[in-house]
Structure formats: structure tokens, C-alpha cells
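Fold and contact review
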Amino acid sequence: MNHADDLVIVRPEGLYCPQGDFHIDPWRGVPRAVITHAHADHARGGSQHYWAAARGHALLRERLGKQAQITPLAYGEAVRFGKVTVSLHSAGHILGSAQVRIIHDDGRIWGVSGDFKRDRDPSCDPFEPFACDTWITEATFALPIYRWTDTREVAAEIFAWWQACKADGQSAVLFCYSLGKAQRVLAELTEFTDETVYVHGAMPGLIKAYRAAGIRMLPTEAVGNIPKGTSFAGKLVLAPPGASGTPWMKRLHPYSTGFASGWMRVRGGKRRLAYDRGFVLSDHADWDSLLRTIDDTGARRVLVTHGHGDALIAHLTARGIEASMLATKFEGEAGAAVDTEADEAVEPG
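The text that follows walks through the structure, step by step, so that each part is easy to find. All of these numbers come straight from a predicted model, not from anything done at the bench. (Residues numbered from 1 in each chain as written. Predicted model: local features only at pLDDT ≥ 70, side-chain atom pairs only at ≥ 80, totals over all residues. Heavy atoms only, no water.)

Points about the sheet that holds strand 9 (residues 98-104)
Read from one edge of the open sheet, seven strands run 7-8-9-10-11-18-19, paired in mixed fashion. Bordering the open sheet on either side are strand 7 (78-81) and strand 19 (322-325), each of which pairs with just one other strand. Strand-to-strand twist of the sheet, defined as the mean angle between neighbouring strand axes without regard to direction, takes the value 20 degrees. In the sheet, strand 11 (residues 134-139) pairs with strand 18 (residues 301-307) via five bridges, with the strands oriented parallel. Counted as the bridge partner of threonine 134 is arginine 301 from strand 18. Together, strand 11 and strand 18 form the strand contacts of helix 6 (residues 287-297), whose direction differs from that of strand 11 by roughly 170 degrees. Packed on one face of the sheet, helix 7 (residues 309-318) meets strand 11, strand 18 and strand 19 and runs near 165 degrees to strand 19. (Pairing = 2+ DSSP bridges. Helix = DSSP H or I, 4+ residues; strand = E, 2+ residues; numbered from the N terminus. Axes fitted to C-alpha atoms, helices over the stretch in contact; angles between N-to-C directions. Contact = heavy atoms within 4.5 Å.)

Shown next as C-alpha cells:
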């Protein structure tokens, strides 16, 4: 429920700051949009002017097109909107992801998490906590069952699976989201090999933006650039989930399939999705990280956007923190069979 003097409220266009007259990740075109990151459910076209973290500028440009008016901001750089001062702070979700800090002239401080994680990730800047009075948080994996394994262990599992496929004369086709997850896998695997990885046509432009930002990853080549009839036996191939079951897969035979997602924590998930292997790798905060972050902010009021909001609200309420749901159209990490980058999943090669 919105309070009369809230710094962020929900309008038909999305999250809105009335004291500064701007929206955060609006789902319709607006005059002024502050963007937390370049995923499709947060960065939509049609707005007159965008403000976003400089680290993700190339990715946002890839998403919104050359004509979009984008003002890049360094992490921590302040910009003035009406009666509030706004700054962006690393969210640790993907390259250039940001939390939004809003400071009103009367001293109140609000924070908007966007999508975030606290785990180590060599492909993006780490999460930067800050204090606030009210915290708007995602809750994609806000259940105690969701607790992540150390990423190095997951990367070792992926590499071992790849090597087993190589020994069996198969290609290892790993399904992962085109923006964020694919680049993270490529960065994590540099500790194990320097071999070329082959990628779906939805990924090269995004990978190029990461390389331009100085992120070290394995060398890549688009599957579509390889001559027809070439065998991919023993190779690792990255593809968005939307490519599963499409004709694009035919040239990769014989293959074993895997899926990298936080949803793989749930027992039976990989069988339900018909993947041969499931790897628990998420770019969102797990249960413990959500609670730790709320503690770090010191917020006495928490508004929950998307995910398992009821469980988190009940837990916080029992601790004496005012908590409630804030309805949005954000998706978080897509449902097990859905790719948040669906608009890219159907591109060739």
C-alpha cells in the first residue's frame, strides 16, 4: 500500500518517484527513466531520457538502440531530480547493474534494489550496501530452500560435465540466459581452460560489450559462423533456453544438455525440463543474502516487488519490520522454462 508521502509509488507506467518526477525501470514510455540494468523486463524502449550506470551503458545501448537518449552515471555519482538526490550503486546482478538510492531534502533515504546478488562473480562489480530507511527489494528466490553453493564449485561441475561429454564424443549444450549468465559462465571457466566456446547468435553482441568493459572470458565463436557439417563433438555450446527443441539444435548432434539457473535447486527440476544436467547458478540473491542485505540497510520498512514475497514478508513481520508487497511487472530470473531474453532467443545461429 502506498503512503501519501512515499518516495516511490506504483503507477500504471511503473515505479514512480513523485518528489523527483521520474520512474525506475518503467514498463511504458515516460519522460524520465532511471534504469537499474539492461535485462528486458527492466529496460524497455519508448522513454524520452534514460539515466543508468556507466558500466552498463554499452549493454543498455544494445537493448534500446542508437537513438535512445542515455545519460551514463558513475557508481555513486549524484544527480538532482526535484526535491531528491539520486545515485546508483552496484547491485552485483550483471555488468552495469545498479541499486537506486534516493535522498529527500528532509533527510529520508529510500533504496531500490533492482535485481541483485551478493555472491562472487568475476563478470561484474560486487554489490555495494548502503543504509536507508525504506528498502524496496526483489524476492525472486525468497524461500529458505534457496541457498547457493559456492560459484567455484558450480563452475567445476560445469567443466567436469563438459569433459565427460568430450570423452563420450558429444557436444555439451549449456542453456543459460543470453545477458549475464552466459558471460558469467565464460568468466568462471577461465580458471579451468582457455578453449574456445561456441555460442548462439543471440550472444555475441552482448559478449562483445562485456569484453569492451574489461571482463576476462573464454574465447568465443558464433555457431552460425562455423561451416555447415562441422562437428561440435567435445565442444561447449552456450544457448538461451528458447533455443531448446528448435531446428538450430540439429547441427549440434550428438549432444548432452544442461541448464544453469537457481531454479535447479529444486529437486526434480532438471527432469521436469528434460535437461540432462542442472547447475545451480543464479544471478539473484538467495534467502540468506536477502536477509543479510536487509540487515545491512538498517531499513525498518521493506517493500517487496517480485518473487516469493509472502514468505519474506511473513519472516520480516515476525522480526518487527514493517513489510508489504509492491506489485510490479518485473520477472526476476525467468521461470524454469522461460527465458527473460525471449526476444533474443529466436535469433539465428
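Section: the sheet that holds strand 5 (residues 49-53)
The mixed open sheet is built from six strands, whose spatial order is 1-2-3-4-5-6. Only two strands of the sheet have a single neighbouring strand rather than two, namely strand 1 (9-11) and strand 6 (70-73). Averaged over all pairs of adjacent strands, the angle between strand axes in this sheet comes to 35 degrees, irrespective of strand direction. Note that strand 1 and strand 2 (residues 14-17) share three bridges and pair antiparallel. Counterpart to valine 10 in the pairing with strand 2 is leucine 15. Of the strands in this sheet, strand 5 and strand 6 are in contact with helix 1 (residues 57-64), which crosses strand 6 at around 160 degrees.

Here we look at the packing of helix 1 against helix 4 (residues 204-212)
Contact geometry for helix 1 and helix 4: axes closest at 9 Å, N-to-C directions at 155 degrees. Classed by the angle they form, the pair helix 1 and helix 4 counts as roughly antiparallel. Here the hand of the crossing between helix 1 and helix 4 comes out right-handed. For the pair formed by helix 1 and helix 4, the contact residues are Ala58, Leu59 and Glu62 on the first element and Gly205, Leu206, Ala209 and Tyr210 on the second. For the contact of helix 1 with helix 4, the residue count by class is five nonpolar, one polar and one charged. (Parallel < 35°, antiparallel > 145°, perpendicular 65-115°, else oblique. Left-handed = near helix turned anticlockwise from the far one by under 90°. Nonpolar A, V, L, I, M, F, W, Y, C, P; charged D, E, K, R; others polar.)

Comments concerning helix 4
Residues three or four positions apart in an α-helix share a direction because the helix packs 3.6 residues into each turn. Those residues of helix 4 lying buried are Leu206, Ile207, Ala209 and Tyr210. Burial along helix 4 is one-sided: seen end-on, the buried residues are contained in an arc of 155 degrees. Residues Lys208 and Ala212 are exposed on helix 4 and point more than 90 degrees away from its buried face. Positive phi appears at glycine 214, one or two residues downstream of helix 4, with a value of about 90 degrees. (Buried < 20%, exposed > 50% of the residue type's maximum accessible area, 1.4 Å probe, protein only. Arc of directions from axis to C-beta.)

Considerations on the pattern of salt bridges
Close approach of charged atoms allows side chains of opposite charge to pair. Applying the stated criterion across every chain, the model contains 18 salt bridges. Residue lysine 117 pairs with aspartate 283 through a salt bridge whose shortest N-O separation is 3.3 Å. One end of the pair, lysine 117, is in the loop between strand 10 (109-112) and strand 11; the other, aspartate 283, is in the loop between strand 17 (277-279) and helix 6, and 166 residues separate them in sequence. Across this residue pair, the class does not change: lysine 117 and aspartate 283 are buried. (Salt bridge = Lys/Arg side-chain N within 4 Å of Asp/Glu carboxyl O.)

Some thoughts on the side chain of glutamine 183
Following the sequence through the fold, glutamine 183 ends up in helix 3 (residues 181-188). Taking the relative accessible area as the measure of exposure, glutamine 183 reaches 0% and is therefore buried. Ignoring anything within four residues of it in the chain, the contact list for glutamine 183 reads Ser123, Ser178, Leu206, Ile207, Tyr210 and Met217.

With respect to helix 7
The set of residues buried in helix 7 consists of Gly309, Leu312, Ile313 and Leu316. Here the buried residues of helix 7 occupy an arc of 100 degrees about the axis, which is enough to place them on one side. In helix 7, the exposed positions that point more than 90 degrees away from the buried face belong to Asp310 and Ala318. On its buried face, helix 7 sits against strand 11, helix 6, strand 18 and strand 19.

Keep in mind that these numbers describe shape and distance, not what the molecule does.
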